[in-house]
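Residue-level structural notes
One-letter residues, chain by chain:
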Amino acid sequence: MNNKFLIQIATSPIDPNDLKVNDWKLDKFFFEQNPWGLGRIEDVDRKEALNELKDEMPNGCALDPGSETINILNGLEYVKETVERMFFNSIDKVNEIFDSPFYWWKRTVCLFGDILIYFENEELFTLPEFLFYAIENHFQKLYIGTVYKYDY
């Protein structure tokens, strides 16, 4: 089972201690009966979380643990890989798509590994959603800030 991590990312360097657990900006995501099913967040071993993030990086993207940056080297490779998985792995699962599109997306297309990205102190994404967003916006280098473990 994967660990569940919330990782703050920005387009410019950020102080890893900049975001506090009780930061009001996170309250909009961590409230009772929220659609993400998120519960509390707590401090975590940063090295463990970054190793998990590194393992989850798809083709075309890389995590540099030394500088704590994400580099999007070839976004097209990631998009191509995801589109192929979405279409070729889903043909036999048409009923599953219509019965539960969210779980189909999570298990077949997204391969969501329970890593959430808190971007620019504004938006919450799954890692695959965030990578599509970053590629669409032509981000090539992103910086890691605070890291938390969450439950749901």
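Residues numbered from 1 in each chain as written. Predicted model: local features only at pLDDT ≥ 70, side-chain atom pairs only at ≥ 80, totals over all residues. Heavy atoms only, no water.

What about the overall build of the chain?
Summing up its helical and strand segments, the chain has six helices and seven strands in all. Listed N to C, the secondary structure of the chain is β-α-β-α-β-β-α-α-α-β-β-α-β in terms of helices and strands. Sorting the 152 residues of the chain into buried and exposed places 42% on the buried side. Taking all contacts inside the chain whose residues are at least 6 apart in sequence as the whole, residues at least 24 apart take part in 66%. With the model as given, the accessible surface of the chain reaches about 8800 Å², and the carbon-plus-sulfur share is 51%. (Helix = DSSP H or I, 4+ residues; strand = E, 2+ residues; numbered from the N terminus. Buried < 20%, exposed > 50% of the residue type's maximum accessible area, 1.4 Å probe, protein only. Contact = heavy atoms within 4.5 Å. Areas by Shrake-Rupley, 256 points an atom, 1.4 Å probe, with all protein chains shown as cover.)

Comments concerning the environment of Phe119
As for its placement among the helices and strands, Phe119 is situated in strand E5 (residues 115–119). On a C-alpha basis, the gap between Phe119 and Ile9 in space is 5.0 Å, while along the polypeptide they are 110 residues apart. Once you skip the residues sitting within four places of it in the chain, Phe119 turns out to touch Ile9, Ala10, Thr11, Phe125, Phe130, Tyr133, Phe139 and Leu142.

What about the pairing of strand E3 (residues 61–64)?
Here E3 shows a buried face lined by Cys61 and Leu63 and an unburied face lined by Ala62 and Asp64. Between the end of E3 and the start of strand E4 (residues 69–72), which pair antiparallel, lie four residues, with Glu68 showing a positive phi angle near 50 degrees. (Pairing = 2+ DSSP bridges.)

Details of helix H2 (residues 46–56)
The set of residues buried in H2 consists of Ala49, Leu50, Glu52 and Leu53. Viewed end-on, H2 has its buried residues packed into an arc of 155 degrees, placing them on one side of the element. Facing away from the buried surface of H2 by more than 90 degrees, the exposed residues are Lys47 and Asp55. Here the buried face of H2 lies against strand E1 (5–10), E3, E4, E5, helix H6 (127–136) and strand E7 (141–150). (Arc of directions from axis to C-beta.)

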